[in-house]
Each structure stands twice: as C-alpha cells, then as structure tokens.
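Residues per chain, in single letters:
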Amino acid sequence: MVFTALLAILTVSSAAVGLPATTQTGLSASMIEKMRSNMETIATHSWEIGTSLETILELNFPELSVLTGNLPPPHTLKSGEADYVIQKATEIVDDIKDPSGPLMDGDGAIGDPASVGTSVLLANWTRTDASETKFSVAASNQLSYLLNDAPRTTDGAISQRVEEPQLWADFVYMAPPFIAYYGALQGGDQGSSLLEEAYNQCKLYRQYLSDESGLWKHIVLGSWSDLHHWSTGNAWAAAGMLRVLETIDRSSFSSKMTSEKTQLTMWIDEILTSTWTYQRANGTLFNYIDEDDSFADTSGTALLAAVSYRMATRTGDLTHIPAADKAFKLIQDSLTEDGWLLNTVDPLTFDTPSSAGSHSPEGQAFTLLLHSAWSDYSAKYSK
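Everything in this summary refers to the structure shown in the same document. What you see is a predicted model; the values in this text were computed from it and never measured.

Parameters at a glance
Residues numbered from 1 in each chain as written. Predicted model: local features only at pLDDT ≥ 70, side-chain atom pairs only at ≥ 80, totals over all residues. Heavy atoms only, no water. Salt bridge = Lys/Arg side-chain N within 4 Å of Asp/Glu carboxyl O. Helix = DSSP H or I, 4+ residues; strand = E, 2+ residues; numbered from the N terminus. Buried < 20%, exposed > 50% of the residue type's maximum accessible area, 1.4 Å probe, protein only. Polar contact = N/O pair within 3.5 Å; in protein donor to acceptor, adjacent residues only side chain to side chain. Contact = heavy atoms within 4.5 Å. Core = buried A, V, L, I, M, F, W, Y, C linked by side-chain atoms within 4.5 Å. Axes fitted to C-alpha atoms, helices over the stretch in contact; angles between N-to-C directions. Parallel < 35°, antiparallel > 145°, perpendicular 65-115°, else oblique. Left-handed = near helix turned anticlockwise from the far one by under 90°. Nonpolar A, V, L, I, M, F, W, Y, C, P; charged D, E, K, R; others polar.

**Structural notes on the pattern of salt bridges**
Point 1. Throughout the structure, instances matching the rule amount to 16 salt bridges.
Point 2. Note that Glu197 is salt-bridged to Arg152, the shortest N-O span being 3.3 Å. In this pair, Glu197 sits in helix 10 (residues 188-209) while Arg152 sits in the loop between helix 7 (134-149) and strand 1 (167-168), placing the two residues 45 residues apart along the sequence.
Point 3. Taking the relative accessible area as the measure of exposure, Arg152 reaches 29% and is therefore partly exposed.
Point 4. Put simply, Arg314 and Asp249 hold a salt bridge, and the shortest N to O gap is 3.1 Å. With Arg314 in helix 13 (residues 298-315) and Asp249 in helix 11 (residues 231-250), this pair connects stretches of sequence that are 65 residues apart.
Point 5. With relative accessibility at 27%, the residue Arg314 sits in the partly exposed group.

**Considerations on unusual backbone geometry**
Outside of glycine, negative phi angles account for most residues, and trans bonds account for most peptide bonds.
Point 1. The amide bond that connects Leu71 to the next residue, Pro72, takes the cis arrangement and shows omega of 0°.
Point 2. With respect to the element layout, Pro72 can be found in the loop between helix 4 (46-60) and helix 5 (83-94).
Point 3. Of note, Ala82 is a non-glycine position whose phi angle comes to about 55°, a positive value.
Point 4. With respect to the helices and strands, Ala82 occurs in the loop between helix 4 and helix 5.
Point 5. Within the chain, Leu221 stands out as a residue other than glycine whose phi angle is a positive 70°.
Point 6. With respect to the helices and strands, the residue Leu221 is situated in the loop between strand 2 (219-220) and helix 11.

**Some remarks on the side chain of Gln279**
Point 1. In this structure, Gln279 sits in the loop between helix 12 (258-276) and strand 3 (285-286).
Point 2. In terms of polar contacts, Gln279 uses its side chain to reach the backbone carbonyl oxygen of Gly283, at 2.9 Å.
Point 3. A distance of 3.0 Å separates the side chain of Gln279 from the backbone oxygen of Ala323, its partner in a polar contact.
Point 4. If we ignore the near neighbours within four places in the chain, the residues touching Gln279 are Thr284, Leu285, Ala323, Lys326 and Ala327.

**As for the nonpolar core**
Point 1. Among the nonpolar cores identified, the biggest contains 121 residues, and Trp216, Met241, Leu264, Ile268 and Tyr309 are the most heavily contacted of them.
Point 2. With 10 residues, the top contributor of residues to this core is helix 11.

**Observations concerning the packing of helix 11 against helix 13**
Point 1. Two numbers describe how helix 11 lies on helix 13: the axes approach to 8 Å, and their chain directions differ by 30°. By the angle class used here, helix 11 and helix 13 are roughly parallel. Along this stretch, helix 11 crosses helix 13, giving a crossing that reads as left-handed. Counting all contacts with helix 11, which are made through Ser231, Thr232, Asn234, Ala235, Trp236, Ala238, Ala239, Leu242, Leu245, Glu246 and Asp249, the residues of helix 13 involved are Ser299, Gly300, Leu303, Leu304, Val307, Arg310, Met311 and Arg314.
Point 2. Split into classes, the residues belonging to the contact of helix 11 with helix 13 amount to 10 nonpolar, 5 polar and 4 charged.

Shown next, in the form of structure tokens:
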C-alpha cells in the first residue's frame, strides 16, 4: 500500500490528476524589488542571511540555484551575475572570528551558520583567482565543525545547539543542504559520503521529530522542548529536504541514490499532506498548525506553499496546488504597499506574533521563494 501510494506521488501527471494548473497570479516586479530590498535590510542573524542569499539565487539567478540550475554550476559568472551573493559571502569569510570554526556566530545554534555555506561554496567555485583559498578553507572548516565538533545523539543526529544535544526542525534547512552541496561539488568517494550524510541527517531528524500526525514537532531532547507542530518548523523541514533532494538529483551520484530520493520525496509529501488538512478558510495556517487557539502565521504558510509548488513541478502531482493557490492569495493580501509581509510569527520567540512595526526577515524571504516557486510551476503547467 505504501509503495503504491509513493508511486503515485512520483509518476502521476497533471492530466491524470485533473486539477487546474493554477488559479493564482504572481507578484509584480515592483513588489518583488521592494520585498527583496526590505529582506536584505533586516536580515542580520546567520540563518536570516543564509536564507536571503539562497532566495536571491532562486529568484534572480535560477541557473545557480540547487532547485533549478546545474550541478556543478559554471566556473565563470557573467558580468553582474550574483554580485550581491558573492559580495556577501566574501564579507562573511573576511569577517570570520574563529579561523577553525563556523562561518558566522550562530548565537548558540550549530546549524544556522551553515546556511550561508552554499553561497561561500559558490564564491569559491566561481572565484577568478585560482590561487585564492579563503573560501575553500572557510567552507571546509564549517563542514569539519558540523561533522567533527558538534554534539550528536547516540545514533548520529547532529545537534542544533552547542550546549547540549538538542534537535530543532529548523536544522534541516540549515545544515543538510550545505553538506549535500559540498558533496556534489567535491565528487568522488568523499562527495558520495557527504551526500549520504545529508540524507541521513534528514532521516534521523524525521525519526525524532515526526509523529503519527505526519507533522513534525519543533524541538526535542535536551533540557527543554517544544512539542508543538510549529508551521515554520514544518516548513523548514520540508524545504530543507527539498534542497537535499534536488542537490542529490542534480549531482553525479543521482542514479546511485534512487532509494534516498524516493524516501525524501515521501517525507516531504508527508508533511504537506498533513499540513494542508489544517488550512483555514482564508488560506492561512496557524502558527501551531493543528491548534485552534493558536494564531495565523503568514511565514510558515508562505514557505509550505512554496514547497508545494516546487514538488508539483518536480513530480507532476497537483494535489496540493489548490491549497498552495489559496495560501498565495492570502500572502498577497497580507503585503503592504511598501513591501512588508504582515501577520508573521516573531522568528525569535516562535510562539508569539511579530510586534507592531516589526517584520520577519524569513517571512520576506519565504514570500519571494513562494513567488519563484509559483512562477516556475506556472511556466510548466500553464502553457
């Protein structure tokens, strides 16, 4: 039964599903520019910067994104291509305080600094001075920190926190995609091992955080926990596994990792299927997805909708498109004229709404990721 259901996810065509391609329209060019500018202005923490850089690649330079480009990417960039991303990666590397440690201060989080790692690897891959080693050394040290220095559970799951083994759903978006990208560029036996490690981290985190509902708990183990089904946490997990899946698929090891790709596809759909069951009439998801006394959160709603469009583009299964369309409409209705997303969860507390006048850097990024995912999906199925 499970195998049959999974086959449907992997092989169904849009015609077979019989659903409309999309009823939604995208953001205007002016709105996109305002949102990107706002995002860049307020992204200050390591995970916010890493997410914003990945967003810029996906939105403006899809040929360099792991979701839509080739692996490896070209060694030479065109004039002006990804300038902001390369500049930011350079600033980060030049500002490293601990030469043998992570790329940035993670505020006690182990996985978060790795989110900028993909951009640092890209900067290294496309550097114009072949003798320049600062990017490769910095990325190698970040990888070593994750694999050799970070606390782990007894079965090998890398901790999200420095002070004790503790697993957060957020980690799946931060570290495994970096490990996978490093492996795809490295190649050879080491590259293959790194891709397997990225997959195994997703597998281990799912074993600890997913429950019978199909949703993921936010935080487990350690001295405290958050066992709620946080919408942004589920979004981080689904989007992180998607990045690992696409990196494997675009790597030279794709044909040897068919089983891993199948599992990742199933785990992502597991989250999406469970999530949209709780979508509200206006298209939103609550901060704690399945709790009626929680509050509406546009951040998690946006990223889960983005993953839904991406997976539909990848698999041809349009089951989640009506929910994604509904969510995208809600997100557009939640934007101000000057490019701010309203009604977000506070990303630092994760259990209260953003206060009046404050905005979420990740919410800005998720909205742009949503538009990009919708655009690629629409281009494929609206012909």
